[in-house]
Amino acid sequence: MELQKPPIPPIVPDDEERKRRAFADVDEFTVTTHERSLCKKTKAERERAWCLWNRFVTDVLQLTQKEADKVWFGVCQNKKKSIAICKSFLADYTRYARCRRLYIDGTEEQKQVPTVQSVVTIIALWKHIVAQADAVVLAKRRDHDSNEDSDECSEQWTLLGNRGKARGEVIQWIQSTLAQKFNLSCKQTFEKTEATTDDVLLILSTLWERAVDIPCDPRHRLAFHTLVLIGSIGFRPGTYDNMLYRQVKLLVIRDPDTKQARLVAEITINQNKLSANKIDKGADVVTFSATMVPCQIVCLVTFVAIQALHDDAFKTEFSSFDELLQRPNLEDVDCIELGWKDGMQEKPIFPLKYYKYLELWNRTWLVAGNRNTLRPYALRIGGGNKIDGSLTSAIRNHILSHNTKTFETSYQARHIPHNLMSFVFDSTSEDDSKLFKLLASASLRRDDKAPLYPTAATLETFENREYMKALRAQRRHFREELKLSADHREVKQLTAKIGDLRTVLSKLAVKQARENYFAEVDSLRARGLSTEDMPAPPPNPFRCSFGPSLPAATIIGRYLNPKDPVSDTATKIVFPNSTDSGSDQTTQKRLAVSEMLFAYLNDRYGEVEGIAQEMEQTASEHKKAASTLSTCLLCLQSFTRRRNLSRHHRSVHFTATTFEPFSCPECQRQGKEEYRIERASEWSNYVERVHGSINTPDLFTKPIVKPKPMATTTKSKSAPCLRCGQLFYAGNSF
């Protein structure tokens, strides 16, 4: 099929309106220059830098606006004086940029300390000023010289791109002369660390199990949990901190293997840090799918579904998670979408601002017992390194929104999680992969007994500080003498200042107490001494927010924890109406935990405790009934007699002539270390030693009993002579 060319608009000489609009466009496009679109954060930083520059040249150097503009014309022409003025501004900012820092020890309550510690800060400031000067001052000069009546070349009036020679020279001066003059660091001020899988699980489990020490709104807790799961894939925090419902889909899919319906979440990530106003070719959007998994603490689908149920977002009414799983009917199709209600598309599905996300991140990491802070960007580094090697580099770059060069230079953690010595010397020693995996964990040296709160005595010292006394005196003056109410604007501002001051001082006191604690316990343990005599950490002296919700969150954490036997599962998750007999118990546990989450979000905390009690009672009854039955640990079928269990093994799982080695499935279900079974008789022996004789089948030969230590002469059997009473030991000539 031949493509048709667009029609050429006919020329109508008599169309005066068209002529008028054409000349108006010429005038408009002549005076209008193209401005690059900037994000709000970059625009604000450039405007702040430009304000600092204008204040310096007008107040310090006392230049007029015309003279200040000429400085940038001189920089474009590489004039030494103009470049020297720019260097003087950067040196002045480095010298006088100060901030107030509070101290809890010593005679001074606060000090003015330099804010510039790294050359990266000054280079960023210089780049912002150059970009703003190019857009504000030099752009006007370029427009003037590009006029047809001007003989000057407009291309020289820029500091960007290949013509920014002076810009590069100033950057080199910052890295050498300025850095030496003010002792600025040329290294990163933080250690690049990756968050391993164990670190992510620690954050998620601590968030719930230690909810008393991490008080927050229930909706914020669940949103933070979900966003940590998404961030662990490797996306930037800015791509998912304000995710909308239109970016999330819940689908019911027919599994091609089991032919059963499964719930799937499809999530779309819009990458950030992209050039604005460019043609979208689809590479800036990433869509991935997630299915339900046995371990609920990392089941993204469950948390998405619970949030949608709480928001009543489904176009079809669902009253519970159970109903969400049971009602959809695929019939003869393979996929249906559970759509959202009208008006939900543009609403945030996880309502959590980044500042609150960062606050919960830091608090959870602290409560977990870690010594140093961990940046949320560690999730991105950890996710990228997990993807690298498992997927193609193209998919990795698509997820990270970077090229291979950037990944290889900027996304490598400082610590290498491999045994390099074994590579160099071709070591044949035992496998240390688990050890080196542990060594790569950012939470390796944690101690959850470290103090979290200041002592009551420390809080009293805060009231003796001069600044605190002044704030409280001013507040009393407003309340008692001026008779202002507590809701008055100035009174509320003073109350907020007092609260902020107590918060900052408390954090400083806790930081110092934790440093002293870690130094003390490290010294004791290094000397082989016990830390049991260390004083108990002080209790929470503050009024607890969200008090009624905290016990419910702790209960949920006990069942979400993958190490908890109650929540441990290993079978594939299917719908409740499935015909898979092995999934009933797993499904019931999943439904119970999901209903607990749903009740928690809807502020029904007593219902959470009731569900937990019912689960414990059911588990106790099941355990009591199972204690009298013999269970096949391979297929979980129960028998009233061990003889029937043995017959079942010989007829279903084993034959007398063939055997294929396998790993113990019961150890996998309990989260224990993998154990390989090489012989049928070894399976009988292992089950009897580890999982109980009641579940042990008799396979071909009797189980091999674990050898006992050889007896010594002092503990061997002895017998007295019935005639003289002398003791004789076995083998000693009785």
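What counts as what
Residues numbered from 1 in each chain as written. Predicted model: local features only at pLDDT ≥ 70, side-chain atom pairs only at ≥ 80, totals over all residues. Heavy atoms only, no water. Axes fitted to C-alpha atoms, helices over the stretch in contact; angles between N-to-C directions. Helix = DSSP H or I, 4+ residues; strand = E, 2+ residues; numbered from the N terminus. Parallel < 35°, antiparallel > 145°, perpendicular 65-115°, else oblique. Left-handed = near helix turned anticlockwise from the far one by under 90°. Contact = heavy atoms within 4.5 Å. Nonpolar A, V, L, I, M, F, W, Y, C, P; charged D, E, K, R; others polar. UniProt positions renumbered as here; feature names shortened; annotations may be inferred. Pairing = 2+ DSSP bridges. Buried < 20%, exposed > 50% of the residue type's maximum accessible area, 1.4 Å probe, protein only. Phe/Tyr/Trp six-rings, centres within 6.5 Å; stacked < 30°, edge-to-face > 60°. Lys NZ or Arg CZ within 6 Å of the ring centre and 35° of its normal. pLDDT = per-residue confidence, 0-100. Salt bridge = Lys/Arg side-chain N within 4 Å of Asp/Glu carboxyl O. Patch = residues over 30% accessible without salt bridge, like charges linked within 9 Å, V, L, I, M, F, W, Y side chains within 5 Å. Areas by Shrake-Rupley, 256 points an atom, 1.4 Å probe, with all protein chains shown as cover. Lys, Arg positive; Asp, Glu negative; His and termini not counted. Charge placed at Lys NZ, Arg CZ, Asp CG, Glu CD. Expected span 1.5 Å × (residues − 1). Arc of directions from axis to C-beta.

- In the nomenclature of an unreviewed UniProt entry, the chain corresponds to C2H2-type domain-containing protein from the organism Neurospora tetraspora.

## So, the packing of helix H17 (residues 456–463) against helix H19 (residues 489–526)
Working step 1: It is at 11 Å that the axes of H17 and H19 come closest, and there the two elements cross at 135°. Here H17 lies oblique to H19, going by the angle between them. Every pair of crossing elements has a handedness; the one defined by H17 and H19 is right-handed. The residues of H19 that touch H17, namely those facing Thr-458, Leu-459, Phe-462 and Glu-463, are Arg-502, Leu-505, Ser-506 and Ala-509.
Working step 2: Its residues assigned to classes, the contact of H17 with H19 comprises four nonpolar, two polar and two charged.

## Some remarks on the UniProt feature "domain: C2H2-type" (unreviewed entry) in the chain
Working step 1: The UniProt record annotates "domain: C2H2-type" (unreviewed entry) at residues 630–653.
Working step 2: Along residues 630–653 the backbone is 50% helical and 17% strand, and the end-to-end C-alpha distance reaches 16 Å.

## A word on the side chain of His-691
Working step 1: With respect to the secondary-structure elements, His-691 resides in the loop between helix H25 (680–690) and strand S11 (718–720).
Working step 2: In this view, His-691 contacts Leu-633, Cys-664, Glu-666, Cys-667, Gln-670, Lys-672 and Tyr-686; residues no more than four positions away in its chain are not counted.

## Quick look at the sheet that holds strand S6 (residues 335–337)
Working step 1: Taken in spatial order, the four strands line up as S5-S4-S3-S6 in an open sheet, and their pairing is antiparallel. The strands lining the two open edges of the sheet, one partner per strand, are strand S5 (285–291) and S6. Ignoring strand direction, the axes of neighbouring strands in this sheet form an average angle of 25°.
Working step 2: The pairing of strand S3 (residues 248–254) with S6 spans three bridges and is classified as antiparallel. The residue bridging Ile-253 from the neighbouring strand is Cys-335, located in S6.

## Some thoughts on unusual backbone geometry
Working step 1: Unlike most non-glycine residues, Asn-183 shows phi in positive territory, near 55°.
Working step 2: Of note, Asn-183 is situated in the loop between helix H6 (165–182) and helix H7 (197–209).
Working step 3: On the basis of relative accessibility, which here comes to 67%, the residue Asn-183 falls in the exposed class.

## Quick notes on the packing of aromatic side chains
Working step 1: For the coordinates displayed, the defined rule picks out 19 aromatic pairs.
Working step 2: Ring geometry for Trp-53 against Phe-89: centres 5.6 Å apart, planes inclined by 85°, an arrangement best described as edge-to-face. Of the two residues, Trp-53 is situated in helix H2 (residues 40–60) and Phe-89 in helix H4 (residues 80–96); the sequence distance between them amounts to 36 residues. Each member of the pair, Trp-53 as well as Phe-89, is classed as buried.
Working step 3: Summarising the aromatic geometry, the rings of Tyr-675 and Tyr-686 are spaced 4.0 Å apart at their centres and angled 5° between planes, so their arrangement reads as stacked. Here Tyr-686 lies in helix H25 and Tyr-675 lies in the loop between helix H24 (665–669) and strand S10 (676–677), a separation of eleven residues in the sequence.
Working step 4: By relative accessible area, which is 27% here, Tyr-675 ends up partly exposed.
Working step 5: The buried category is assigned to Tyr-686, whose relative accessible area is 8%.
Working step 6: Ring pairing ties together the aromatic residues Trp-50, Trp-53, Phe-56, Trp-72, Phe-89 and Trp-126, which thus form one cluster.
Working step 7: One Lys or Arg, Lys-111, reaches over the ring of Tyr-103 and ends 5.0 Å from the middle of that ring.

## Re the confidence of the model for the chain
Working step 1: Taken residue by residue, the chain gives an average pLDDT of 84. The fraction at 70 or more is 84%.
Working step 2: Residue range residues 565–583 is modelled with pLDDT below 50. Its contacts to residues more than four positions away, or to other chains, number 52 contacts.

## With respect to the pattern of salt bridges
Working step 1: This structure, assessed with the given rule, holds 24 salt bridges.
Working step 2: Here Glu-346 and Arg-246 are joined by a salt bridge, their closest N and O atoms 3.0 Å apart. Highlighted residues: Glu-346 in the loop between S6 and helix H11 (354–367) and Arg-246 in the loop between helix H8 (218–231) and S3, separated in sequence by 100 residues.
Working step 3: Taking relative accessible area as the criterion, Glu-346 reaches 53% and is therefore assigned exposed.
Working step 4: With its nearest N and O atoms 1.9 Å apart, the salt bridge here joins Arg-327 to Glu-323.
Working step 5: We classify Arg-327 as partly exposed; its relative accessible area is 43%.

## What about a positive patch on the surface?
Working step 1: Together, Arg-641, Arg-643, Arg-647 and Arg-650 make up a positively charged patch on the protein surface.
Working step 2: Tracing the chain through its elements places Arg-641 in the loop between strand S8 (638–639) and helix H23 (642–653).
Working step 3: Looking at Arg-641, the relative accessible area reads 49%, which means it is partly exposed.

## Regarding the packing of H4 against H6
Working step 1: Running from amino to carboxyl end, H4 crosses H6 at an angle of 40°, the nearest separation of the two axes being 11 Å. Here H6 runs oblique to H4, going by the angle between their axes. Crossing of H4 against H6: the hand is right-handed. Of H6, the residues touching H4 (which contributes Ile-83, Lys-87, Leu-90, Ala-91, Thr-94 and Arg-95) are Ala-166, Glu-169, Val-170, Trp-173, Ile-174, Leu-178, Lys-181 and Phe-182.
Working step 2: When grouped by side-chain class, the residues that make up the contact of H4 with H6 number nine nonpolar, one polar and four charged.

## Focus on the pairing of strand S4 (residues 261–270)
Working step 1: Among the ten residues that make up S4, eight are buried, leaving the element largely enclosed by the rest of the structure.
Working step 2: What sits between the antiparallel neighbours S3 and S4 is a turn of six residues, in which Lys-259 has the positive phi angle 65°.

## Considering the environment of Ser-638
Working step 1: When you line up the elements, Ser-638 lands in strand S8.
Working step 2: With relative accessibility at 38%, the residue Ser-638 sits in the partly exposed group.
Working step 3: When residues no more than four places from it in sequence are discounted, the contact partners of Ser-638 are Leu-629, Ser-630 and Thr-631.

## Quick word on H11
Working step 1: Across its 14 residues, H11 extends 20 Å between first and last C-alpha, which sits within 8% of the 20 Å expected from 1.5 Å per residue.
Working step 2: Within the sequence span of H11, burial applies to Lys-356, Tyr-357, Leu-360, Trp-361, Thr-364, Trp-365 and Val-367. Taken around the axis of H11, the buried residues stretch over an arc of 160°, which confines them to a single face.
Working step 3: Tucked into the core, H11 has its buried residues touching H7, H8 and helix H12 (377–387).
Working step 4: The first or second residue beyond H11 is Gly-369, which carries a positive phi of 95°.

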